[in-house]
Amino acid sequence: MNSKRRPMRLSGAAALVAIALAACGGGGGGGTQFPVIVPPPSGNGSPPPVTNPPVVDPLAKARMPDYPDVVGEYVQIEGGAQPTDPSVLQTPKEFNAATFLRVRSALDGETPRAANAVMVVMPGFSSTPGHWMYLAAQLVQKANEKKGGCVNGTAPVDCRLEVWIVQRRGAHLADTLGARNALVDKNPSAAVSYYFGKSVMGSDGRTALDGQGKFPVASPKTLVGAVDSTWRPLLQSDLGFMADWGFETYARDVENMIALVKQESGSKNVFLAGHSQGGSFTSVFAGRLGTDGLRGQQNLAGIVMLDGGGYGTLTSPTPTQVTTLKTAIDDLRSGARAVYTDAAGANSASGPAVGAREMASLRYTTEDQKAESLFPPRQAGMLTTTAFPGTAADTGNAFLGAIRLSQVARAGMGFDTSPTTAPTTPPAPLAVNLQDSLIVSLGESLGLLDFKPVVGTEADCDILPSGKCVPRIGQIDPAKVYGWLEAGGGSSIPATTKVGVGKASQFLRGYSWTTNRTNIQPIAYNFRTSGQRTVDAREIVTANWYPSERYEAEMSFVGAGPTFVFDHKGIHIDVDKSVVNVPLYYAHQGPASPTNPSVFPLVTDYTNIGSTGTVQSAEAVAKSRVDPVVSSQYYKHTDFVSADDSLAGTPGAAAPGQPGVSLVANTLVDWVFARTGSKLAAVPSPKELGVVNTR
């Protein structure tokens, strides 16, 4: 009797070995033949065990923290075409590039499948991909779990969603070689030495418990240029071409990104999303007249706005406003006005020196989040008498500069909207918010500083007129490293004290993560003032090193109303948001408007999630219903893109928006797949983009 043998299924490792043998002529058949070498017997007469060569995972250093089935690749493509008007300052071709973090499924290895949907994302004011990293990974991972949950035509297929996060053009100019050296050498101090010099550590007398010198509480700008450092920032006069990095520049870059997605006729697979100022960009792009003669919405399957964006109330720019913008552009082009923002404060958010300091500090966090941070909290030195009258500002700044914080506590202190505020009976510490005003408006809810004053010093405060206590240095135990109480899922903080939806540990991992997979190469360029320099921008920056003043100036105008038409010396902007009629997903801190939930007058498919619940049109409910009780009541500004999702899918998990269950990640994926085209869209492979492992 003849019997049929079932084909043998090889494990991943065995399959790779079999392929290698076949390539060498092993396993029978043709190919070059090599002599068979029989290993000598072992001491007991038995041949030694055969060991397979280790299988190298090409994606190992590019997998996203907490989401091993998601990979990130740092991609650069040709930037948008530049206007040819002689008034426009041309960007050198080396720097006229669009850069984005491509977040995709790792299940497909180095050959990604065609996508059901691609979400192109614009971050907010002065933001980088690090802000979006957790939400992007959550979205892709949830799509991975939908086995057979999507269609190609009528055939069921496993779902694939990619998220492409735009990087600010200023990152093209950031020299990340110092961070790269630290990663390759596994020596975090190499980054500090490269950017600021080894001598900077401890230069203000501050030391860690182990004796290491700490980074000074001082403006990073004042620390640049030490004789034992390598890096020097590029100067305003080097970067005159940044005067023409405006809204249209980024819009054309996004057009080039969208063009990479090969959508079949009649099927739209691309969504445009934005957070904060990026939400405004999204709403404006949807109504913008593009270089193809179409309004942006005509190339999109839908738009996503997260705590930003809208229709606008300004009927049209006034003549004075138009003149102001024209003057600003002329001043930028002439050099009368700085082309990039360069913060002068002790720990302000933007500028090359601030970016270099954050790049250096985050290299230490990859070792142990509970270890003592060698860097002060970012708001140290930033407290002013506006919020802390009299000497209280000095008291608060001194406290922030003196307290020993763990790595994760520094992260929480730096970006939580109220890291030291808890309901206590004044006068007592942790009754006053030791945070600068920018982060109070734009930060997250990450938890609380785990601080109790030395016994007997509880009332040793600098008392504000409100009766609240600004803690003094004497309340700190100098031999203790203070930690952090996490918010998010499983928080130990009583709900009566504080409810937050983020985690400082995740924020820290997101900001310190970078990928080894990129197509970016170092650029040697002869700058106008600084001369020959090499810019190595292969690592993902964690702060906006060279923020464009032009882009910030224009964004305050173009999104202020439903229409905006502007012509000036080679610049043409034409926006009409009144024609926008694509599906809208809008999540924000305010209450969901019962009178204008669609935001745009023609939109009939809208999902509007606010602090009081969710409002959807009948069309939206039919496609992807969201429970009306789902709300953003606990969400701060940046929580929308960074919330913890660690409890999602667990038994008894709470509704989206509650701690541990991301509001956006758990409502947006179904929304996207319910509105994407019925045919898959081809996406470029890493090989086609030139992406390789660079370390």
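Below is a summary of the structure that appears in this document. (Residues numbered from 1 in each chain as written. Predicted model: local features only at pLDDT ≥ 70, side-chain atom pairs only at ≥ 80, totals over all residues. Heavy atoms only, no water.)

1. Quick notes on the overall build of the chain
The helix and strand inventory of the chain stands at 17 helices and 22 strands. Its C-alpha atoms give the chain a radius of gyration of 27 Å, within 12% of the compact-globule value 26 Å for 695 residues. Oriented by its inertia axes, the alpha-carbon framework of the chain measures out at about 95 × 70 × 60 Å. Taking as baseline every contact in the chain between residues at least 6 positions apart, the subset at least 24 positions apart corresponds to 73%. Surface exposure of the chain reaches about 28000 Å², of which carbon and sulfur atoms provide 55%. In the chain, which carries 58 positive and 58 negative side-chain charges, the distance between the mean positions of the two groups comes to 5 Å. (Helix = DSSP H or I, 4+ residues; strand = E, 2+ residues; numbered from the N terminus. Rg over C-alpha atoms; globule rule 2.2 N^0.38 Å. Contact = heavy atoms within 4.5 Å. Areas by Shrake-Rupley, 256 points an atom, 1.4 Å probe, with all protein chains shown as cover. Lys, Arg positive; Asp, Glu negative; His and termini not counted. Charge placed at Lys NZ, Arg CZ, Asp CG, Glu CD.)

2. Points about the state of the cysteines
Disulfides are covalent bonds that link the sulfur atoms of two cysteine residues. Applying the stated criterion across every chain, the model contains 2 disulfides. Across a sulfur-sulfur distance of 2.0 Å, C150 and C159 are joined as a disulfide pair. Given an S-S torsion of about 105°, the disulfide between C150 and C159 has right-handed geometry. Per residue, the accessibility class of C150 equals that of C159, and both read buried. The disulfide partner of C461 is C469, and the S-S distance across this bridge is 2.0 Å. Handedness of the C461-C469 disulfide follows from its S-S torsion of about -80°: it is left-handed. The same class applies to C461 as to C469, namely buried. For the chain, the bonded cysteines pair up as 1-2, 3-4 when numbered in the order they occur along the sequence. (Disulfide = S-S within 2.5 Å. Buried < 20%, exposed > 50% of the residue type's maximum accessible area, 1.4 Å probe, protein only.)

3. Topic: the environment of G488
In this fold, G488 is placed in the loop between β13 (483-486) and α12 (504-512). For G488, a relative accessible area of 4% translates into the label buried. With 174 residues separating them in the primary sequence, G488 and S662 have C-alpha atoms 9.4 Å apart. Filtering out sequence-adjacent residues up to four positions away, G488 remains in contact with G500, V501, G502, K503, D644, P659 and G660.

4. What to know about the pattern of salt bridges
One pass over the structure, following the stated rule, counts 35 salt bridges. As a salt-bridge pair, D108 and R160 come within 2.8 Å of each other at their nearest N and O atoms. Linking D108 in the loop between β3 (97-105) and β4 (117-122) with R160 in the loop between β6 (155-157) and β7 (161-167), this pair joins segments that are 52 residues apart in sequence. D108 sits in the buried class, given a relative accessible area of 13%. The partner of R288 in a salt bridge is E248, and the shortest N-O contact between them spans 2.7 Å. Here E248 lies in helix α5 (residues 247-259) and R288 lies in the loop between α6 (277-287) and β9 (302-306), a separation of 40 residues in the sequence. Using a relative accessible area of 2% as the deciding quantity, one classes R288 as buried. What emerges from the salt-bridge pattern is a single network uniting E73, R104, E110 and R517. (Salt bridge = Lys/Arg side-chain N within 4 Å of Asp/Glu carboxyl O.)

5. Structural notes on the environment of E688
If you trace the backbone, E688 turns up in helix α17 (residues 686-689). Overall, E688 belongs to the exposed group, its relative accessible area being 62%.

6. Notes on helix α8 (residues 352-364)
Think of an α-helix as 3.6 residues a turn; residues three or four steps apart then line up on the same face. Compared with the 18 Å implied by 1.5 Å per residue over 13 residues, the 19 Å span of α8 between its first and last C-alpha is a close match. Of all the 13 residues making up α8, 13 are buried; the element is thus mostly covered by neighbouring parts of the structure. (Expected span 1.5 Å × (residues − 1).)

7. Focus: the packing of helix α10 (residues 407-415) against α12
Two elements in contact, α10 and α12, have axes whose closest approach is 8 Å; the angle formed by their N-to-C orientations is 95°. Classed by the angle they form, the pair α10 and α12 counts as roughly perpendicular. Residues Q407, V408, A411, G412 and F415 of α10 pack against A504, S505, F507 and L508 of α12. Class assignment of the residues belonging to the contact of α10 with α12 gives a composition of 6 nonpolar, 3 polar and no charged. (Axes fitted to C-alpha atoms, helices over the stretch in contact; angles between N-to-C directions. Parallel < 35°, antiparallel > 145°, perpendicular 65-115°, else oblique. Nonpolar A, V, L, I, M, F, W, Y, C, P; charged D, E, K, R; others polar.)

8. Let's talk about the side chain of S267
Mapped onto the fold, S267 is located in the loop between α5 and β8 (270-275). For S267, a relative accessible area of 4% corresponds to the buried category. Engagement of the side chain of S267 in a polar contact is seen with the backbone nitrogen of S678, the distance being 3.5 Å. Looking at S267, its side chain comes within polar contact range of the main-chain oxygen of K679, at 3.3 Å. If we skip the residues at most four places from it in the chain, S267 touches G677, S678 and K679. (Polar contact = N/O pair within 3.5 Å; in protein donor to acceptor, adjacent residues only side chain to side chain.)

9. Details of empty space enclosed by the protein
Scanning all chains against the criterion turns up 7 cavities of 30 Å³ or more. If you add up the space inside the largest cavity, you get close to 510 Å³. Looking at the largest cavity, it is lined by 33 residues, and the ones nearest its centre are H131, R378, F415, F507 and Y511. Of all the elements in the fold, those that place two or more residues in the lining of the largest cavity are α8, α10, α11 (437-442) and α12. Looking at the lining of the largest cavity element by element, the count peaks at 5 residues for α10. For the lining of the largest cavity, the per-class residue count stands at 13 nonpolar, 16 polar and 4 charged. (1 Å grid on protein atoms, 1.4 Å probe; cavity = no way out; pocket = protein on both sides within 12 Å on 5 of 7 lines; lining within 4 Å. Points joined across faces, edges and corners; volume = space filled by probe spheres on them.)

10. A look at the packing of aromatic side chains
Taken as a whole and judged by the stated rule, the model has 27 aromatic pairs. Centre to centre, the rings of F415 and F507 are 5.1 Å apart; their planes meet at 15°, and the pair counts as stacked. Separated by 92 residues along the polypeptide, F415 in helix α10 and F507 in helix α12 bring together distant segments of the chain. By relative accessible area, which is 14% here, F507 ends up buried. Judged by centre distance (4.8 Å) and plane angle (70°), the rings of Y525 and F527 are edge-to-face. A relative accessible area of 2% means that F527 is categorised as buried. (Phe/Tyr/Trp six-rings, centres within 6.5 Å; stacked < 30°, edge-to-face > 60°.)

11. Description of the nonpolar core
In a soluble, globular protein the nonpolar side chains are often hidden away together inside. Ranked by internal contacts, the top residues of the largest apolar core, which has 91 residues, are Y195, L239 and L306. The dominant element in this core, judged by the number of residues it contributes, is helix α2 (residues 129-144), at 9 residues. Those residues in contact with L239 that sit more than four places away from it in its chain are L173, L234, V339, Y340, F527 and Y546. If you look at the next biggest cluster of nonpolar residues, it comprises 49 residues, including V120, V254, M257 and A681. (Core = buried A, V, L, I, M, F, W, Y, C linked by side-chain atoms within 4.5 Å.)

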